[in-house]
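One-letter residues, chain by chain:
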Amino acid sequence: MTRRLQTLYVVVVLLLLAAPIVVVAGVSLNGQQSLVFPPQNLSLKWYVELFRNSDWLIPLRNSLVIAAISSLLAVTIALPLALHAWSRNNWLARSLYVLGVAPFMLPPVISALGFLVFWVSVGMYGQMTATIISHGVFLVTLPVVTISLGLAAVDTSLIEAARTMGARRGQVLRTVILPLLTPFMISGYAFAFVLSLNEYIIAYMVAGFTVETLPIKIFNSLRYGYTPIMGVVAVIFVALAALTFGLIGRYGNLPRLLGAERIGND
């Protein structure tokens, strides 16, 4: 009886989580421009319309460019920060680590307001570069955490063996540590990429209507009524996230990425 209740509970939770996605996906297949579920006159014309309409293609391009570059920036910042916090157990290292995870401790609107004031002060408000840097700084927490998990799982005997063989600090980093950290850096990049695609508050506060991303485009379009293209965008976002995390799970060894396995034991 207990097992049946557990199974029922899991099924109910999965249905509740999947229901919004199913509804949005169904609405995107409506033949007419209507908010109806189940969909009527099934059609893929809104998927075609997304890639034919420059009003939506430009925000899509902006979102992809911002997500790709800002995620790379986040990993670039996170790697030396995590390495320093791992190799030097002092107050400065701990302070740097706390600084790295601080962006996710603050409400996004507070961070967005801070970025707004900063970019207005330096005269870069409304530029894509400002949005990229803001996202990179805000999302640095994700690669900091994943890389730190990777460093915590490193078998220190590998480093000691390399140093015994005469390898210098830079050589140890390049030939031993970084190869072991690669899947953790990739996973941190992927997490930041997906969240950057969906981020709205910072992008809106930093660039406003100058650099329109897909989330901003959706909110702006809601002023004039609903269009099934919004559902198409949501489906694409979900598909990208599922593909990204699916690839990480397939090729990245999730237990290792979560720090459940020690790399040196492979």
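Up top is the structure these notes are about.
Draft legend 1. Examining the nonpolar core more closely. If you look at the biggest cluster of nonpolar residues, it comprises 20 residues, and the most contacted ones within it are Ile-147, Leu-151, Ile-177 and Leu-181. Residue assignment for this core shows that the elements contributing at least two residues are α3 (54-87), α7 (141-152), α8 (156-164) and α9 (169-198). Once residues within four sequence positions are removed from consideration, Ile-147 is found in contact with Ala-78, Leu-79, Ala-82, Leu-181, Phe-184 and Met-185. Judged by nonpolar contacts, the second largest core, of 14 residues, contains Leu-50, Ala-67, Phe-193 and Phe-237.

Draft legend 2. Up close: the layout of surface pockets. Here the largest pocket defines a volume of roughly 340 Å³. Considering the residues around the largest pocket, the lining is formed by 14 residues, among which Trp-86, Ser-87, Arg-163, Arg-169 and Ile-177 are closest to the centre. Listed by contribution, the elements that provide at least two residues to the lining of the largest pocket are α3, α8 and α9. No other element matches α9, which puts five residues into the lining of the largest pocket. Of the residues assigned to the lining of the largest pocket, the class counts are six nonpolar, four polar and four charged. Taken together, Val-194, Asn-198, Pro-215, Ile-218, Phe-219, Ala-234, Phe-237, Val-238, Ala-241 and Phe-245 form the lining of the second largest pocket. Going through the elements one at a time, α9, α11 (214-221) and α12 (228-251) are the ones with two or more residues in the lining of the second largest pocket. Broken down by element, the residue count for the lining of the second largest pocket peaks at five residues, all from α12. Looking at the lining of the second largest pocket, its residues break down into nine nonpolar, one polar and no charged.

Conventions used here
Residues numbered from 1 in each chain as written. Predicted model: local features only at pLDDT ≥ 70, side-chain atom pairs only at ≥ 80, totals over all residues. Heavy atoms only, no water. Core = buried A, V, L, I, M, F, W, Y, C linked by side-chain atoms within 4.5 Å. Buried < 20%, exposed > 50% of the residue type's maximum accessible area, 1.4 Å probe, protein only. Helix = DSSP H or I, 4+ residues; strand = E, 2+ residues; numbered from the N terminus. Contact = heavy atoms within 4.5 Å. 1 Å grid on protein atoms, 1.4 Å probe; cavity = no way out; pocket = protein on both sides within 12 Å on 5 of 7 lines; lining within 4 Å. Points joined across faces, edges and corners; volume = space filled by probe spheres on them. Nonpolar A, V, L, I, M, F, W, Y, C, P; charged D, E, K, R; others polar.

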